[in-house]
Number of protein chains: 4
Amino acid sequence: MREFSYELRVYFSDTDAEGIVYHARYLDFAEHARTEMLRAIGYNQSQMKENGVIFVVKSMEIEYKKPAFLDDVLTVVTTAEEIKKFSAVFSQTIRRGEDEICLIRLKVASLSSDAKRIVPVPEHIAEVLK
Amino acid sequence: MREFSYELRVYFSDTDAEGIVYHARYLDFAEHARTEMLRAIGYNQSQMKENGVIFVVKSMEIEYKKPAFLDDVLTVVTTAEEIKKFSAVFSQTIRRGEDEICLIRLKVASLSSDAKRIVPVPEHIAEVLK
Amino acid sequence: MREFSYELRVYFSDTDAEGIVYHARYLDFAEHARTEMLRAIGYNQSQMKENGVIFVVKSMEIEYKKPAFLDDVLTVVTTAEEIKKFSAVFSQTIRRGEDEICLIRLKVASLSSDAKRIVPVPEHIAEVLK
Amino acid sequence: MREFSYELRVYFSDTDAEGIVYHARYLDFAEHARTEMLRAIGYNQSQMKENGVIFVVKSMEIEYKKPAFLDDVLTVVTTAEEIKKFSAVFSQTIRRGEDEICLIRLKVASLSSDAKRIVPVPEHIAEVLK
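All values derive from a computational prediction rather than experimental measurement.

Q: Explain the overall build of chain A to me, using residue names and the numbers behind them.
A: The helix and strand tally for chain A stands at three helices and five strands. Counted from the first residue to the last, chain A has its helices and strands arranged as β-α-α-β-β-β-β-α. What you see for chain A is a C-alpha radius of gyration of 15 Å, in line with the 14 Å of a compact globule of 130 residues. Put simply, chain A has 130 residues, and 60% of those count as buried. Accessible surface, chain A: about 5600 Å² in total, of which carbon and sulfur atoms supply 47%. Here chain A contributes 18 positive and 21 negative side-chain charges, whose respective centroids are spaced 7 Å apart.

So, in C-alpha cells, the structure goes:
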C-alpha cells in the first residue's frame with residue numbers, strides 16, 4: 001500500500017478571520033493522515049515509541065492552491081514516495097472533490113524514541129510502503 | 001433527538017508536553033460534536049449563517065476527570081438540556097470507553113449572523129432537540 | 001503578589017471564521033498568563049516538573065462577555081483567590097482596555113510530576129501568592 | 001528595514017506529546033513575526049484589509065534543524081528577500097540563542113481583500129522593505 005486516503009471535515013477551530021482554513025492547520029491534517037496510514041498497516045505511534053522508533057519531520061514543501069472553507073469535506077491522499085534506510089519521503093495532496101487545495105512534500109527521519117540518534121525505518125513499514 | 005454521539009481520535013496536534021491532551025483542546029472536540037449534532041438534524045453552520053442565525057458560546061463549565069492520551073478514541077455525547085427562545089443549554093460528556101475524561105456544560109445564545117442582536121432559535125432546531 | 005497582569009496581541013492563528021477570537025483560544029491566553037505569573041515569582045514550569053510538582057487544571061468556569069478581534073491587545077489579570085494545601089483557585093479577567101472580554105475561574109491541583117498523586121503546593125509559591 | 005526581529009516564549013499550548021514544539025506551530029510563530037514586521041512599518045492587517053489588500057501565503061519551504069522546548073525563548077528573524085509587483089518572498093530564521101531551530105522561506109501573494117484577484121503590493125510597503 002503506497003497510497004492512502006484520509007477524509008476530514010473542516011470545523012470553526014480550523015479556520016481564521018479570513019473565513020478560510022488557517023494555513024498552518026493543513027500541516028495538522030497532513031499529520032493526522034500519515035498517522036492513519038501507519039495505523040492502517042498495523043502501527044500506531046504510541047506503540048512505535050515503545051518499540052524505540054519515532055518519525056520526526058525534517059523538511060517540508062507546501063503549495064497552497066485554493067482556500068478551503070468551514071464545513072468542507074477534505075481528502076488527504078498520502079503517497080510514500082521513497083523509503084530509505086533512515087528516512088522516508090511522503091507526498092500529500094489535500095483535495096475538496098476535484099479541487100486541489102494544498103500540496104505537501106515532506107521528509108521524515110527515523111529516530112530513537114528519545115530523539116537522540118537515527119535508527120533504521122522498521123522493516124515491516126519499509127516493506128509495506130515500498 | 002436529544003442526545004448525539006460523536007467519535008474522534010487523539011493526534012499529536014491535540015497533545016502537550018505533559019504527554020496528555022491539552023486542556024483547551026477538549027473545547028474544540030466539544031464544538032466539533034455540537035456541529036455534527038446540528039448537521040445530523042439538517043443544519044450546517046455555514047447555512048445557518050446565510051439564514052441569519054449563529055450560535056455563540058456565552059458561558060461554560062468544565063470538569064477534568066482523567067487525562068486522555070495520544071491515539072485514544074474518545075466519544076463526545078452531547079445532550080440538549082434546555083432550549084429556550086433565544087438560547088440553549090447543552091451538556092457534553094467526553095469518554096474513553098467507560099472512563100469519563102471531561103464534562104462540559106455550556107450555554108449558547110442565538111444571534112443574528114452579524115452577531116449584533118439576539119434572535120429566536122430556529123423553530124425546527126428547537127422542535128427536534130426538545 | 002496576588003495579582004499579575006499579562007499582555008498579548010491577537011493574531012490570525014487565534015481567530016476563527018466568525019472574524020473573532022475562537023472561544024477555546026482564551027484558555028491558551030489564560031494558561032500563558034498563569035505561566036508568566038509563576039515565572040515572575042521565580043518558578044518556571046519545566047523546573048517545577050524537575051522538582052516533582054506540576055499544576056493540572058481540574059475545573060473551570062468561563063463567561064464570554066464580548067468578542068475580541070484580530071490585532072486587539074488584550075490584558076489578562078490573574079488573581080490567586082485561594083491557595084490550599086493541595087490545590088489553588090485562580091480567577092482571570094481578560095480585558096481590552098476597559099472592556100471585559102472573558103472571565104475565567106479555575107481550580108488547579110498540585111500533582112507529582114508523573115501526575116500520579118497529589119502533592120503539596122510548594123511552600124514558596126503558597127507564601128508569595130497568599 | 002529589510003530585517004525584523006521578533007521574540008516569543010514557548011508555552012504548553014505550543015508543545016506536543018514528544019515534549020517539543022509541535023512542527024506546525026512554527027508557522028504560527030512565523031506569521032506572528034511577519035505581522036509585527038508589517039506593524040513596525042505602519043501597517044496592521046485589519047487596516048490593510050480595509051484598504052483592500054491582504055497577503056496570502058502561496059508556498060512555503062521549511063527546514064527543521066533542532067527541536068525547541070517548553071519555556072524556551074525563541075527569536076524569529078524575518079527578511080524581505082524579494083518584493084515584486086504582486087508578490088513578495090520572505091525568509092525567516094527561528095533561533096534559540098545561537099541555535100537554529102527552524103528555517104522558513106515563503107512566498108505571499110498580494111490579493112484584493114475579498115481574495116478574488118491579485119493587486120499590487122502597496123507602494124509604501126514595497127519601498128520600506130526593499
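Q: I'd like to hear about the interface of chain C and chain A, residue by residue, with values.
A: Of the residues lining the interface, eight residues belong to chain C; the matching set on chain A comes to eight residues. Interface area for chain C against chain A, summed over the two sides, is near 750 Å², with a carbon-plus-sulfur share of 71%. Among the residues of chain C in contact with chain A, Phe12(C), Ala17(C) and Tyr22(C) are the three that bury the most area, contributing 57% of the side total. Counting across the interface, chain C meets chain A through zero salt bridges. Linking chain C with chain A are four residue pairs in polar contact (both at pLDDT 80 or more). Split by residue class, the side of chain C that touches chain A holds three nonpolar, three polar and two charged.

Q: An account of the relation of the copies chain C and chain A is needed here, citing residue identities and associated values.
A: When chain C is brought onto chain A, the operation consists of a screw motion whose angular component is 180 degrees and whose axial shift is 0.0 Å, with 0.0 Å RMSD remaining. What the superposition gives is, in effect, a two-fold axis relating one chain to the other. Ranked by how close their C-alpha atoms come to the rotation axis, the residues of chain C are headed by Asp16(C), at 1.9 Å. Interface overlap between copies: 100% of the residues of chain C at the interface are likewise at the interface in chain A, consistent with a symmetric, same-surface contact.

Q: Run through the sheet that holds strand E4 (residues 87–96) of chain B, naming residues and quoting values.
A: Here ten strands make up an open sheet; going across it, the order is E1(B)-E3(B)-E4(B)-E5(B)-E2(B)-E2(C)-E5(C)-E4(C)-E3(C)-E1(C) and the pairing antiparallel. Two strands close off the open sheet at either side, each with one partner strand: strand E1 (3–9) of chain B together with strand E1 (3–9) of chain C. Pairwise comparison of adjacent strand axes, ignoring direction, gives a mean angle of 25 degrees for this sheet. Sheet analysis places E4(B) next to strand E5 (residues 99–112) of chain B, joined by ten bridges and oriented antiparallel. Paired with Ile94(B) across the strands is Cys102(B), a residue of E5(B). Strand contacts of helix H1 (residues 25–40) of chain B: E1, strand E2 (53–64), strand E3 (73–83), E4 and E5 of chain B together with strand E2 (53–64) of chain C, with the helix running at about 130 degrees to E1(B), the strand carrying the most contacts. Where helix H1 (residues 25–40) of chain C meets the sheet, it contacts E2 of chain B together with E1, E2, strand E3 (73–83), strand E4 (87–96) and strand E5 (99–112) of chain C, and its direction lies at approximately 130 degrees from that of E1(C).

Conventions adopted
- Numbering of residues begins from 1 in every chain and follows the order in which that chain's sequence is written.
- Whichever chain is written first is A, and whichever ligand is written first is 1; the rest continue in order.
- It should be noted that, the model being predicted, local features are given only for residues of pLDDT at least 70 and side-chain atom pairs only at 80 or more, the latter also being counted only at that level, while totals for whole chains, interfaces and linings use all residues.
- The basis for every side-chain value is the complete set of heavy atoms in the structure, and neither hydrogens nor water enter the calculation.
- Numbering of helices and strands starts at the N terminus; helices are DSSP runs of H or I of at least 4 residues and strands are runs of E of at least 2.
- Between the two quantities, the radius of gyration covers C-alpha atoms and the globule rule is 2.2 Å times the number of residues to the power 0.38.
- Three exposure classes are used, based on accessible area relative to the maximum for each residue type with a 1.4 Å probe and protein chains only: buried under 20%, partly exposed in between, and exposed over 50%.
- The protein chains shown are the only cover counted for residues, whose accessible areas, like all others here, come from Shrake-Rupley with a 1.4 Å probe.
- Neither His nor the chain ends is counted toward charge; the positive residues are Lys and Arg and the negative residues Asp and Glu.
- For this purpose, a charge sits on NZ of Lys, CZ of Arg, CG of Asp or CD of Glu.
- Residue contacts follow a heavy-atom distance rule, with two residues in contact if any of their heavy atoms lie within 4.5 Å.
- Using a 1.4 Å probe, buried area is obtained as the accessible area two parts lose upon being combined, added over both of them.
- When a carboxyl oxygen of Asp or Glu lies within 4 Å of a side-chain nitrogen of Lys or Arg, that pair is called a salt bridge.
- Each polar contact in these results corresponds to two N or O atoms within 3.5 Å; when the atoms are within protein, one needs to be able to donate a hydrogen and the other to accept it, and residues that are neighboring in sequence are counted only if both atoms are side-chain atoms.
- Residue polarity follows a fixed list, in which Ala, Val, Leu, Ile, Met, Phe, Trp, Tyr, Cys and Pro are nonpolar, Asp, Glu, Lys and Arg are charged, and the others, Gly among them, are polar.
- For this overlay, a least-squares fit was computed on C-alpha atoms, restricted to residues scoring pLDDT of at least 70 in both copies.
- Note on pairing: DSSP must find at least two bridges between two strands before they are called paired.
- Here, axes are lines fitted to C-alpha atoms. For helices the fit covers the stretch in contact, and angles between N-to-C directions go from 0 to 180 degrees.

That's the geometry; what it means functionally is another story.
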